[in-house]
Every structure is written in structure tokens, then in C-alpha cells.
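Observations on the three-dimensional arrangement
Chain by chain, the residues:
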Amino acid sequence: MEIRDQIVLITGGARGVGAATARAFAGQGARVVINWRASGPQAEALAVELGERAVAIQADVTDRAAVEAMVAQAEAHFGGAISTVVNNALDYSFNGDARAQMADIPWKDMERQFSTVIHGALNVIQATAAGMSGQRFGRVVNIGTNLFQNPVVPYHDYTAAKAALLSLTRTAAGDLGPAGITVNMVSGGLLRTTDASAATPDAVFDLIAGMTPLRSVTTPQEFADAVLFFASPWSRAVTGQNLVVDGGLVRD
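Overview of the structure.

So, how was this worked out
- Residues numbered from 1 in each chain as written.
- Predicted model: local features only at pLDDT ≥ 70, side-chain atom pairs only at ≥ 80, totals over all residues.
- Heavy atoms only, no water.
- Phe/Tyr/Trp six-rings, centres within 6.5 Å; stacked < 30°, edge-to-face > 60°.
- Pairing = 2+ DSSP bridges.
- Helix = DSSP H or I, 4+ residues; strand = E, 2+ residues; numbered from the N terminus.
- Axes fitted to C-alpha atoms, helices over the stretch in contact; angles between N-to-C directions.
- Contact = heavy atoms within 4.5 Å.
- 1 Å grid on protein atoms, 1.4 Å probe; cavity = no way out; pocket = protein on both sides within 12 Å on 5 of 7 lines; lining within 4 Å.
- Points joined across faces, edges and corners; volume = space filled by probe spheres on them.
- Nonpolar A, V, L, I, M, F, W, Y, C, P; charged D, E, K, R; others polar.
- Patch = residues over 30% accessible without salt bridge, like charges linked within 9 Å, V, L, I, M, F, W, Y side chains within 5 Å.
- Areas by Shrake-Rupley, 256 points an atom, 1.4 Å probe, with all protein chains shown as cover.
- Salt bridge = Lys/Arg side-chain N within 4 Å of Asp/Glu carboxyl O.
- Core = buried A, V, L, I, M, F, W, Y, C linked by side-chain atoms within 4.5 Å.
- Buried < 20%, exposed > 50% of the residue type's maximum accessible area, 1.4 Å probe, protein only.
- Polar contact = N/O pair within 3.5 Å; in protein donor to acceptor, adjacent residues only side chain to side chain.

**Quick look at the packing of aromatic side chains**
Per the stated rule, a full pass over the model turns up four aromatic pairs. Members of the aromatic cluster, connected to one another through ring pairs, are Tyr92, Tyr155 and Tyr158.

Following this line, the structure appears as C-alpha cells:
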């Protein structure tokens with residue numbers, strides 16, 4: 001299925017990587033569902049920006065009933081089944097100095113990340129799989145992190161949850177593949193610039209850029225391009241894979 005014919009659900013789609021991905025899909029003619037939990041004004045403004053081919057719908061991805069209601073509303077709005085899912089929703093503060101260290105991180109922090117990252121992705125995949133199977137086409141793109149390979153910041157809970165999401169990506173690819181559904185992951189690092197990285201000093205960006213072969217820090221738009229690849233016909237034989245998009249900082 002060409003991107004222009006797809007109905008794309010992006011969780012956490014109102015800001016940062018999610019918003020860049022929404023713009024990238026809309027730019028290719030896709031119909032876009034901008035999911036949001038707490039960023040209503042940003043989501044509605046983005047939907048207005050993208051025009052009639054976009055709709056903003058609130059749902060907490062950890063709530064299965066809310067996810068099913070969101071999917072039903074989106075499919076009724078656009079008159080067809082969701083073909084493509086980008087699991088991007090996250091509830092996290094990227095502040096290395098304030099994060100709990102291994103000696104005292106509470107289990108509730110781990111549970112919170114697994115609830116959003118794993119439970120959320122599972123709810124969304126399960127709520128859309130039947131529609132994808134019915135049209136013998138589906139694309140699931142999970143958003144990961146290069147901290148698997150390069151754990152330079154002690155984000156124990158975040159990194160563990162994203163690593164589990166990689167495992168779910170691989171097992172889901174095997175399970176859903178016979179129905180024509182591919183499941184892949186796109187993993188990035190520090191991006192220039194999102195809300196999460198806005199407080200990062202220029203010196204840090206410059207240091208990271210100097211460590212990459214491309215001598216640059218990846219932008220949200222460049223990251224979104226890789227998500228488009230996994231939704232495009234060019235990736236039709238690719239599933240269960242993790243693509244690191246960070247200018248070559250991590251060479252996996």
C-alpha cells in the first residue's frame with residue numbers, strides 16, 4: 001500500500017518526534033490520527049495545520065477501552081481501517097541529573113515505563129491488528145532508543161522498557177507476518193531539537209555531532225524519514241528489525 005493510501009495512527013503524536021512523524025506522513029498524502037493524552041492544545045493545533053487529512057483524538061494508551069474507542073472513532077472519521085501504527089507514546093522526563101540511580105531506583109518507576117511503553121504498544125497493536133489483517137496489509141513501527149547499545153545516561157527504567165519493546169517487536173513480527181503485517185523499530189538518540197532536548201546546551205550537541213561520521217545531530221525530521229521507510233513499499237520484505245538513526249553514533 002502506498003503511503004498516500006494509508007491511515008496512520010501516531011501515539012503521542014502532538015509533540016516532538018510524534019509531531020514530526022505526523023507532518024512527514026501528511027506530507028506524503030496519508031491520513032493521520034494524532035493521538036494525545038495530555039497535550040490537547042498542541043494536538044488540535046497540529047491537526048488544524050495538517051488540514052482535513054488529520055484528526056486529533058485523545059486516549060491514554062494504557063487504557064485498553066480508551067484505545068479501542070480511539071480506533072473506532074478514527075476509522076469512522078476516515079471511513080476505513082487503520083493500516084499503520086507508530087508507537088511513540090512516552091511518559092518520561094529526560095533529566096539525567098534528577099533520575100534515580102541503580103542503588104535506589106524504585107520498582108514503581110520501572111512499572112510506570114513498562115505500563116506506557118509495553119502495555120501501551122500492546123493495546124494499540126491488538127486494537128488495530130484485526131483491521132490490518134482484514135486488508136492483508138499492516139505496518140507497525142515502534143520507537144526505540146540507541147541507549148540499548150550506548151547506555152551513557154542512567155535511564156534504567158526508560159532503557160529497560162524500550163529494550164523490552166524491541167523484544168516485542170521481534171516476537172510480534174513473527175506472529176503477525178502471515179497476515180501481511182510487518183513490525184519494526186526505529187531507534188534514535190538525542191535529537192536537535194525537541195521539547196525533551198530543548199534544555200541541552202549547544203556544547204553537548206556539538207560534542208555529539210563531532211562523534212558521528214556525519215558530524216551532525218539527527219533532527220526530528222530526519223528521524224521521521226526512517227519511520228516513513230518502514231511504512232513504504234520499499235520495506236515490504238523487512239520485518240522484526242531495529243534501525244538506529246543517529247548519524248552513525250551507534251553502528252549496530
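**Some thoughts on the sheet that holds strand S2 (residues 31-36)**
Reading across the sheet, the seven strands line up as S3-S2-S1-S4-S5-S6-S7 and stay open at both edges, with parallel pairing between neighbours. Two strands in the sheet have a free side with no partner beyond their single neighbour: strand S3 (54-58) and strand S7 (242-244). Ignoring which end each strand starts from, the neighbouring axes of this sheet average 20° apart. Strand direction decides the pairing type here: strand S1 (residues 7-10) and S2, joined by four bridges, are parallel. Pairing of Val8 across the sheet is with Val32, part of S2. Lying on the sheet, helix H1 (residues 16-27) is in contact with S1, S2 and strand S4 (84-87); it crosses S1 at an angle near 175°. The strands touched by helix H2 (residues 40-50) within the sheet are S2 and S3, with S2 carrying the most contacts at an inclination of about 170°.

**Regarding empty space enclosed by the protein**
Enumeration over the complete set of coordinates arrives at one cavity of 30 Å³ or more. Empty space within the largest cavity amounts to approximately 50 Å³. What lines the largest cavity is simply Thr11, Val61, Asn87, Asn88, Ala89, Thr116, Val117, Gly120, Ala121, Lys162 and Leu165. Within the residue set of the lining of the largest cavity, elements represented by two or more residues are helix H4 (107-134) and helix H5 (156-176). Looking at which element gives the most residues to the lining of the largest cavity, the answer is H4, with four residues. Per-class residue counts for the lining of the largest cavity are five nonpolar, five polar and one charged.

**Looking at a nonpolar patch on the surface**
A contiguous nonpolar surface patch, about 350 Å² in accessible area, is contributed by Phe229, Trp234 and Leu243. Position of Leu243 among the secondary structure elements: in strand S7.

**Re the nonpolar core**
Core analysis: the largest hydrophobic core is formed by 33 residues, its most contacted members being Phe25, Ile34, Val86, Val186, Phe223 and Val227. Among the elements that make up this core, the one with the highest residue count is helix H7 (residues 220-231) (seven residues). Apart from the residues lying within four places of it in its own chain, the contact partners of Val86 are Val8, Leu9, Ile10, Thr11, Thr21, Phe25, Val141, Ile143 and Val227. Within the second largest apolar cluster, 26 residues are counted, among which are Val61, Met70, Ala127 and Val140.

**A closer look at the pairing of strand S6 (residues 181-188)**
Within S6, eight of the eight residues are buried, which leaves it mostly tucked inside the rest of the structure. Side chains of S6 alternate between two faces, with Ile181, Val183, Met185 and Ser187 and Thr182, Asn184, Val186 and Gly188 buried alike. The sheet contact formed by strand S5 (residues 138-145) and S6 spans eight bridges and is parallel. In the strand pairing of S6, Ile143 is matched with Val186.

**As for the side chain of Gln6**
Within the element layout of this structure, Gln6 appears in the segment before S1. Taking relative accessible area as the criterion, Gln6 reaches 0% and is therefore assigned buried. There is a polar contact of 2.6 Å between the side chain of Gln6 and the side chain of Thr84. Here Gln6 is in contact with Met1, Phe25, Ala30, Arg31, Ser83, Thr84, Phe137 and Ala231, once residues within four sequence places are set aside.

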